[in-house]
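# Structural characterization, general
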Amino acid sequence: MTGGAVDQTAEGDSTASRGARGGVIAGSEPPGIEVTLVSGLSGAGRSTAAKVLEDLGWFVVDNLPPELIATMVDLGARARGEITRIAVVMDVRSRAFTADLGAVIKDLDARGYKPRLLFLEASDAVLVRRFEQVRRSHPLQGDGRLVDGIAAERELLRPLRENADLVVDTSTVPVPQLRATLERAFGTETAQVTRITLVSFGYKYGLPMDSDLVVDVRFLPNPYWIPELRDFTGRDETVRDYVLSQDGAEEFIGRYLELLRLVGAGYRREGKRYLTVAVGCTGGKHRSVAISEEMARRLAGSEGVTVNVTHRDLGRE
């Protein structure tokens, strides 16, 4: 999987193209539950699309027989709000695939679900290269050549492509751009928010295993050596004021938050929506706690960001 480009509408919209069924990807809200069917050529990136949709909060089912799709949607609709968006990834392992899927689409339309159809494709040359890289045969190749299988599948899926709401060509554009296209088409504002978790910790207990970035605040004086502060934590006002009043504390927080915003923007462009920042001091009780809480307070008002704070080692000493 190398990336994707999107078919343009007559108006030049590259994120939500109108199909023959008249549906519009962006902004449509079928009653009760949203349904998206993902199909396209083998090797064109259905698995990548499925992962993106899953990251966006869709309940993704891979290779469900067409005759079971309506049952799955009905079960989701009765899940009392626990499942509100279902995406079904389909391939051509069934020869009756297109006819069955067409009937399913009409059935779901009649039930009021108004399913959207995402179709992924790529050039023959790109598909051949991808199959050769993974050393797999095409599902419709049989005893023939790889290009024969691709041609047969392209013809078999032609009616679906013509009726798709969104056609994505994955031949030339990198995966992050494909992800961005699908996020605009199928995501919500909440799904596109970067979730930052600040974890305070003590170095003497080891680094947090899931940290993306590590911040060392041991350059600040340790309140542990001040008797009247030792028994308090970085959550207490006296310790917090002491830590934040030290030389370099304010400058450090300001500059690091600028760096964090820069890194976070880069992560968003690459499709990463979760960022864990570990803030460490010696014992994870005073400095790291105070700095984490202050960084979270300042980040809380940032656009496109949600912040959570956890103190891993607080209470261990």
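Below: a short report on this structure. (Residues numbered from 1 in each chain as written. Predicted model: local features only at pLDDT ≥ 70, side-chain atom pairs only at ≥ 80, totals over all residues. Heavy atoms only, no water.)

It is worth spelling out the side chain of Ser-42 at this point. Along the polypeptide, Ser-42 turns up in the loop between β2 (34-40) and α1 (46-55). Accessibility expressed as a relative area gives 6% for Ser-42, which makes it buried. Polar contacts involving the side chain of Ser-42 include one to the side chain of Glu-153, which spans 2.7 Å. Once residues within four sequence positions are removed from consideration, Ser-42 is found in contact with Leu-127, Phe-131, His-138, Pro-139 and Glu-153. (Helix = DSSP H or I, 4+ residues; strand = E, 2+ residues; numbered from the N terminus. Buried < 20%, exposed > 50% of the residue type's maximum accessible area, 1.4 Å probe, protein only. Polar contact = N/O pair within 3.5 Å; in protein donor to acceptor, adjacent residues only side chain to side chain. Contact = heavy atoms within 4.5 Å.)

Let's shift gears to the pairing of strand β3 (residues 59-62). Across four bridges, the pairing between β3 and strand β4 (residues 85-89) is parallel. Its bridge partner lying in β4, Asp-62 is registered against Val-89. (Pairing = 2+ DSSP bridges.)

In terms of nonpolar packing, the biggest core is built from 50 residues, with Leu-37, Ile-69, Leu-108, Leu-118, Leu-182 and Phe-186 touching the most fellow members. Counting residues in each nonpolar core, the second largest holds 24 residues, with Leu-229, Leu-260, Leu-275 and Met-295 among its members. (Core = buried A, V, L, I, M, F, W, Y, C linked by side-chain atoms within 4.5 Å.)

Moving on to the pattern of salt bridges. For the structure on display, the rule yields 19 salt bridges. Ionic pairing is found between Arg-298 and Glu-250, a salt bridge with its closest N-O pair at 2.8 Å. A residue pair is termed long-range when its members are at least 10 positions apart, and Arg-298 in helix α11 (residues 287-299) and Glu-250 in helix α10 (residues 249-269) qualify at 48 residues. On the accessibility criterion, Glu-250 (47% relative accessible area) is partly exposed. Within this structure, Glu-250, Glu-294, Arg-297 and Arg-298 form a network of salt bridges that share partners. (Salt bridge = Lys/Arg side-chain N within 4 Å of Asp/Glu carboxyl O.)

Read these as geometric descriptors, not functional statements.
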